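# Examination of the molecular architecture
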Amino acid sequence: MDFRPKESVEEFRRWIRGFVAEHLTEDMIERARRTGTFHDWEFHRALAATGVIAEGMAGPGRAGGRDPLELYVFFDELGLADAPFYGLANTMLVAGVVEQIGSAFHLAEVLPRFHRGEAIAALGYSEPGSGSDVAAAATRAERVPGDPEDEPVWLVNGQKMFTTLVHEAGYVILLTRTDPDVAKHRGLTMFLVPTDLPGISFQAVETMGGDRTNITYFADVRVADRWRLGEVHGGWEVMKVALAYERGVFGNMNQGVSLLRRFTRWATETGAMDDTAVRKRLARIAIDNEITALLALRPALIASAGGLPTTEGSIAKLYASEAYNRAAEACLDMAGPEGLLGEPGDAWFVDHAARDAPVTTIYGGTSEIQRNNIAEHRLGLPRSR
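Residues numbered from 1 in each chain as written. Predicted model: local features only at pLDDT ≥ 70, side-chain atom pairs only at ≥ 80, totals over all residues. Heavy atoms only, no water.

Looking at an unreviewed UniProt entry, one finds the protein named Acyl-CoA dehydrogenase, with Embleya scabrispora as its source organism. Within the UniProt record for the protein, the comment given under Cofactor (unreviewed entry) is "FAD". The UniProt entry for the protein carries the following text under Sequence similarities (unreviewed entry): "Belongs to the acyl-CoA dehydrogenase family." (UniProt positions renumbered as here; feature names shortened; annotations may be inferred.)

## Focus: the overall build of the protein
Along the backbone of the protein there are 14 helices and 8 strands. Relative to the globule expectation of 21 Å for 385 residues, the C-alpha radius of gyration of the protein, 21 Å, shows essentially globular dimensions. Counting across all 385 residues of the protein, residues that qualify as buried make up 52%. Residue pairs in contact within the protein that sit at least 24 positions apart in sequence constitute 70% of those at least 6 positions apart. Distance between charge centres in the protein, computed from 40 positive and 53 negative side chains, equals 4 Å. (Helix = DSSP H or I, 4+ residues; strand = E, 2+ residues; numbered from the N terminus. Rg over C-alpha atoms; globule rule 2.2 N^0.38 Å. Buried < 20%, exposed > 50% of the residue type's maximum accessible area, 1.4 Å probe, protein only. Contact = heavy atoms within 4.5 Å. Lys, Arg positive; Asp, Glu negative; His and termini not counted. Charge placed at Lys NZ, Arg CZ, Asp CG, Glu CD.)

## Quick word on the domain arrangement of the protein
When the domains of the protein are assigned, the result is domain 1 (7–120), domain 2 (122–238) and domain 3 (251–379). Placing a centre on the C-alpha atoms of domain 2 and another on those of domain 3 gives a separation of 32 Å. Opposite the 4 residues of domain 2 that make contact, domain 3 presents 9 residues. Carbon and sulfur atoms supply 59% of the area buried between domain 2 and domain 3, which totals about 530 Å² over both sides. Inspection of the domain 2/domain 3 interface yields 2 residue pairs in polar contact (both at pLDDT 80 or more). In the side of domain 2 that touches domain 3, the residues fall into 1 nonpolar, 3 polar and no charged. (Domains from an automatic or database assignment. Buried area = accessible area lost by both parts, 1.4 Å probe. Polar contact = N/O pair within 3.5 Å; in protein donor to acceptor, adjacent residues only side chain to side chain. Nonpolar A, V, L, I, M, F, W, Y, C, P; charged D, E, K, R; others polar.)

## Structural notes on the nonpolar core
A general trend in soluble globular proteins is that nonpolar side chains are found buried together. Ranked by internal contacts, the top residues of the largest apolar core, which has 47 residues, are Val94, Phe114, Tyr125 and Ile173. Counting only elements with at least two residues in this core, the list comes to helix 6 (86–101), helix 8 (111–116), strand 1 (121–124), strand 3 (153–160), strand 4 (171–177), strand 5 (188–194), strand 7 (212–224) and helix 9 (235–247). Here this core gets 6 residues from one element, more than from any other, and that element is helix 9. Here this core gathers at least three residues from each of two domains, domain 1 (7–120) and domain 2 (122–238). When neighbours within four sequence positions are excluded, Phe114 is seen to be in contact with Ile53, Thr91, Val94, Ala95, Ala119, Ile120, Ala121 and Tyr171. (Core = buried A, V, L, I, M, F, W, Y, C linked by side-chain atoms within 4.5 Å.)

## Structural notes on the pattern of salt bridges
Under the criterion given, the structure shown has 23 salt bridges. One salt bridge in this structure joins Glu70 and Arg66, with 3.1 Å as the shortest N-O distance. With relative accessibility at 10%, the residue Glu70 sits in the buried group. Arg66 gets classed as partly exposed once you look at its relative accessible area, which sits at 23%. As a salt-bridge pair, Arg355 and Asp351 come within 3.0 Å of each other at their nearest N and O atoms. You can see Arg355 and its partner Asp351 sitting in helix 13 (residues 348–360), 4 residues apart, about one turn around the helix. One continuous salt-bridge network, built from bridges that share partners, spans Glu10, Arg13, Arg17, Asp76 and Glu77. (Salt bridge = Lys/Arg side-chain N within 4 Å of Asp/Glu carboxyl O.)

## A short note on the packing of aromatic side chains
Per the counting criterion, the structure on display carries 14 aromatic pairs. Ring centres of Trp15 and Phe19 lie 5.7 Å apart, and the angle between their planes is 35 degrees; on these two criteria the pair is classed as tilted. Of this pair, Trp15 and Phe19 both sit in helix 1 (residues 7–23), 4 residues apart, which is roughly one turn of the helix. Look at Trp15 and you get partly exposed, because its relative accessible area is 35%. By relative accessible area, which is 6% here, Phe19 ends up buried. Here the aromatic rings of Tyr171 and Trp227 are separated by 6.0 Å at their centres, their planes lie at 40 degrees, and the arrangement is tilted. A residue pair is termed long-range when its members are at least 10 positions apart, and Tyr171 in strand 4 and Trp227 in the loop between strand 7 and strand 8 (228–229) qualify at 56 residues. (Phe/Tyr/Trp six-rings, centres within 6.5 Å; stacked < 30°, edge-to-face > 60°.)

## So, helix 3 (residues 41–49)
Taken as a whole, helix 3 has its buried residues at Phe43, His44, Ala46, Leu47 and Ala48. Looking at the buried residues of helix 3, the elements they touch are helix 1, helix 2 (26–35), helix 4 (52–55), helix 5 (68–80), helix 6 and helix 8. Structurally, the start of helix 3 carries an N-cap: the backbone nitrogen of Glu42 is 3.1 Å from a side-chain oxygen of Asp40. Just downstream of helix 3, Gly51 is the residue with a positive phi angle, here 90 degrees.

## Focus: helix 1
With 17 residues, helix 1 extends 24 Å from end C-alpha to end C-alpha; this agrees with the ideal 24 Å at 1.5 Å per step. Listed in full, the buried residues belonging to helix 1 are Val9, Phe12, Arg13, Ile16, Phe19 and Val20. Buried residues in helix 1, looked at end-on, bunch into an arc of 125 degrees, giving them a common side. With respect to the buried face of helix 1, the exposed residues turned more than 90 degrees away are Glu7, Glu11, Ala21 and Glu22. Buried residues along helix 1 sit in contact with helix 3 and helix 5. (Expected span 1.5 Å × (residues − 1). Arc of directions from axis to C-beta.)

Written out as structure tokens, the structure is:
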């Protein structure tokens, strides 16, 4: 595999750096940190106006689109700039799923709103009793008796955890249980549900990393069949496409790079860099960051060549999150008491990383789930029971 950068990709990297310099403000970054809502409508709409959401990602069955390598550096640069881009990432992920699996209704009614930056999407997979095991979803979608065949209606009841940005989103992609009497992977159906339907409510959840997520409740929510994505009981096939996007090109895996940059600057200013032991530990973090970058690049390279990254995304996500945790622990140890300051100034970023890093081993599938996925689908090991 050739890891040398394409000139077109590097040109795109220079463009996004220029865009960030022009449109991203310190107020946007500070507001996102303060509220835990890593989405800014002004920044989002400015990005949408460039056409990046409408262009999407090139791939099988799609005419045109951005090279996945370009989108890899796109999200890499946004992450390094601390841009509030979570809404953009969610929306591009869901837009990609809709383009592959959506009906004519979705393509006409929903995609244009995504493309224009008018609406963003939230992810409705995990539940209180089934975090990483999303196939165990218990949120029920039952066909309403007596409705005409030409427009069935589903009654949705249940709740979803970790529906980040649902309080800003116009839609939530929702995994539901439509047949409880078959194997769990076979009785699922996916919907793209407008969040303004009666019966939908949400409750904020503050994470120790500073992000805001939500619990979303569905109480007798009537969802017309036109909002269904894919076949009835075919939700797991849709889910696999969504997970491939989330763990691959659209993943944000450069937190260790930002931490190393900040800590190196702090260590230089305070004189801590004069300690040989400090330099040695920072070198180990730099090595981890380089490995993370190469592993994160691999899914983009596969997608760029026309493939669909699956286990490659799991490998990258697993290594990146565990490396970030090692880096945060090392920096907290080196900074000492100053690393426990939670306010801007001094080594506040170490405290933030120490709280943020453990969370990254959970979202997008826990480290245990990623290891199972790699073991079964890459190494051919038997499924654990």
